[in-house]
Amino acid sequence: MKNVLWFLLLFTCLIACRKEESVSLSELNPDFDISFVEDYRTSEDFNHNLFFSGMEIVPLETNSDAILGRPRKMIVRNGRYYFHNTQQNCVSGFDETGKEVYSTRPFIGKGPGEYSGCIDYYIDDRGEYLYILDAVRYRICKYSLQDGFLKYIAYPEDFTRIKSFCLIKDEVFGFYSTSEFGDLNCSLLFYDAEKESKLRAIDVLPASYLHIQSNRNIFYFLNGQLHFNHSFPSLSTYYFDTLGVFNEKFRLDFGDRTFNPVVLPTDEDVALHGAMLPDIYQEYIVVFDKFENNQFVFVSLFHKEESGMLIYNKETRTAHLKTNSSGSAGMLLAPSYVDDNHLYYLCLPEHLSYLVPSQFRSDSIDRIADQIGAEDNYVVVKYLFNKK
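Conventions and cut-offs
Residues numbered from 1 in each chain as written. Predicted model: local features only at pLDDT ≥ 70, side-chain atom pairs only at ≥ 80, totals over all residues. Heavy atoms only, no water. Helix = DSSP H or I, 4+ residues; strand = E, 2+ residues; numbered from the N terminus. Buried < 20%, exposed > 50% of the residue type's maximum accessible area, 1.4 Å probe, protein only. Lys, Arg positive; Asp, Glu negative; His and termini not counted. Salt bridge = Lys/Arg side-chain N within 4 Å of Asp/Glu carboxyl O. Polar contact = N/O pair within 3.5 Å; in protein donor to acceptor, adjacent residues only side chain to side chain. Contact = heavy atoms within 4.5 Å. Pairing = 2+ DSSP bridges. Core = buried A, V, L, I, M, F, W, Y, C linked by side-chain atoms within 4.5 Å. Axes fitted to C-alpha atoms, helices over the stretch in contact; angles between N-to-C directions.

Caption draft 1: The arrangement of the side chain of lysine 290 in detail. One can find lysine 290 in strand β20 (residues 286-292). Although lysine 290 is buried, it forms no salt bridge, and the closest oppositely charged side chain is aspartate 289 at an N-O distance of 6.6 Å. A polar side-chain atom of lysine 290 sits 3.2 Å from the main-chain carbonyl oxygen of serine 236. Lysine 290 has contacts with Asn217, Asn229, Ser234, Leu235, Ser236, Thr237, Phe250, Leu252, Phe298 and Val299, leaving out every residue within four places of it along the chain.

Here's what the structure looks like:
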């Protein structure tokens, strides 16, 4: 923890010194490549037991207050599961048994300590403070998870069309936009709210004009370093090192099937999903999300008619592909969250059977699953990683 805090302090100081320096991603080279040029089918040596020792399912409490509607970002802190409950315009938290133990619904409104709209949220690593991005009022609302509202933190009104944000340290935040923040001609900004200064800007990302946010895992910290994934089409993951320098951590290589954004149209009126993506899927492997922990990199992708997950083992430097045949059990879809202990999914009851591989079925899992009704709340599925 001391090393993490030291890095964050140093990172904040160094990035502040760089002011509004702009970084071009085209000038970067990756620390390492993840290559997979084999046929797009499940690797012959793939087995869930290579990575996971078992699984758990946690049905979330079902009642009018706890029900999730169109849930987005998931964060796990101190054994609790938090979700952006977009339909109810709030953040909902559940304990390890699935009981709802937290909600920001009481803070919705226009009065003191309240917010109008929750565009995104962030919870600090200690699980003490919650930050809600209220883009309607150009401010971040800071709450104690124990004691309620603490303060408002304003940001510039020209920071528009924000898709995601994160807390870096104190009142230094990172903001991401797939629409160049309206007119700012960049995709990633850092802002020191206390000093009211923009610290740094990252240039426009590939095909940002498409305004597609395909991924959930945009900002994350690993070993104290801030990591960043931009949206579709995304082949690389980036990070800031201890000198505050923006680096490309790894780049995906699928040989002739590596997706090149050059093939995308420049006409914003093109119906991309309806007219283009089916053809792109046939020729290229398209990456939609990337997650990482200290052991593995998880890449969610699509090619031809099937989704899949590529799992890269950092120690052995080997990549294993699991494709998801329609209707099969044990699918590995894009996860909701990853840490060093578990790979997490949030799924509807009707999709639960697709996520449970046969080797991990047990009497206890079947017993819990049998008690889940079709109209019940979402279910948290946890794959437990093998320990080294």
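So that's the structure; there's more coming.
Caption draft 2: Summary view of the pattern of salt bridges. Here the structure, examined in full by the defined rule, presents eleven salt bridges. The residue arginine 77 makes a salt bridge to aspartate 125 at a minimum N-O spacing of 3.4 Å. A residue pair is termed long-range when its members are at least 10 positions apart, and arginine 77 in strand β4 (residues 71-77) and aspartate 125 in the loop between β8 (120-123) and β9 (129-134) qualify at 48 residues. Through salt bridges with shared partners, a single ionic network connects Lys249, Glu292 and Lys314.

Caption draft 3: How the structure looks around the sheet that holds strand β24 (residues 337-338). An order of β3-β26-β25-β24 is seen for the four strands of this open sheet, with the pairing classed as antiparallel. Of all the strands in the sheet, just β3 (52-59) and β24 have a single pairing partner and so form its edges. The pairing of β3 with strand β26 (residues 379-385) spans seven bridges and is antiparallel. Paired with methionine 55 across the bridge in β26 is tyrosine 383.

Caption draft 4: Here's a closer look at the nonpolar core. Ranked by internal contacts, the top residues of the largest apolar core, which has 34 residues, are Ile140 and Phe175. Only β9, β12 (164-169), β13 (172-176), β14 (188-192), β15 (197-202), β17 (225-228) and β18 (236-240) provide two or more residues apiece to this core. Setting aside residues no more than four positions away along its own chain, isoleucine 140 makes contact with Tyr131, Ile132, Leu133, Lys151, Tyr152, Ile153, Tyr155, Phe165, Phe173 and Phe175.

Caption draft 5: Local environment of the sheet that holds strand β7 (residues 100-103). Strand order in this open sheet of four strands is β4-β5-β6-β7, and the pairing throughout is antiparallel. At either end of the open sheet lies a strand with only one pairing partner, and these are β4 and β7. Put simply, the sheet's adjacent strands are angled 25° from each other on average, direction ignored. In terms of strand pairing, strand β5 (residues 80-85) meets strand β6 (residues 90-94) through five bridges, oriented antiparallel. Residue pairing in the sheet places asparagine 85 in a bridge with cysteine 90 of β6.

Caption draft 6: Region of the structure containing the pairing of β6. Most of β6 is tucked away, with five of its five residues classed as buried. Residues Cys90, Ser92 and Phe94 point to one face of β6 and Val91 and Gly93 to the other, with burial holding for every one of them. Following β5, the chain reverses through four residues before pairing antiparallel with β6; asparagine 89 in that reversal takes a positive phi of roughly 55°. One ladder, built from three bridges, connects β6 with β7; its direction is antiparallel. For glycine 93, the partnering residue across the bridge sits in β7 and is tyrosine 102.

Caption draft 7: Geometry of the pairing of β9. For β9, the tally of buried residues reaches five of six residues, placing the bulk of the element in the interior. Bridge count between β8 and β9: four bridges; the pairing is antiparallel. When the sheet's bridge partners are listed, tyrosine 122 is paired in β9 with tyrosine 131. Hairpin geometry of β8 and β9 is characterised by an intervening segment of five residues between the two adjacent antiparallel strands and by a positive phi of about 70° at glycine 127. The sheet contact formed by β9 and strand β10 (residues 139-144) spans six bridges and is antiparallel.

These figures capture arrangement, not role.
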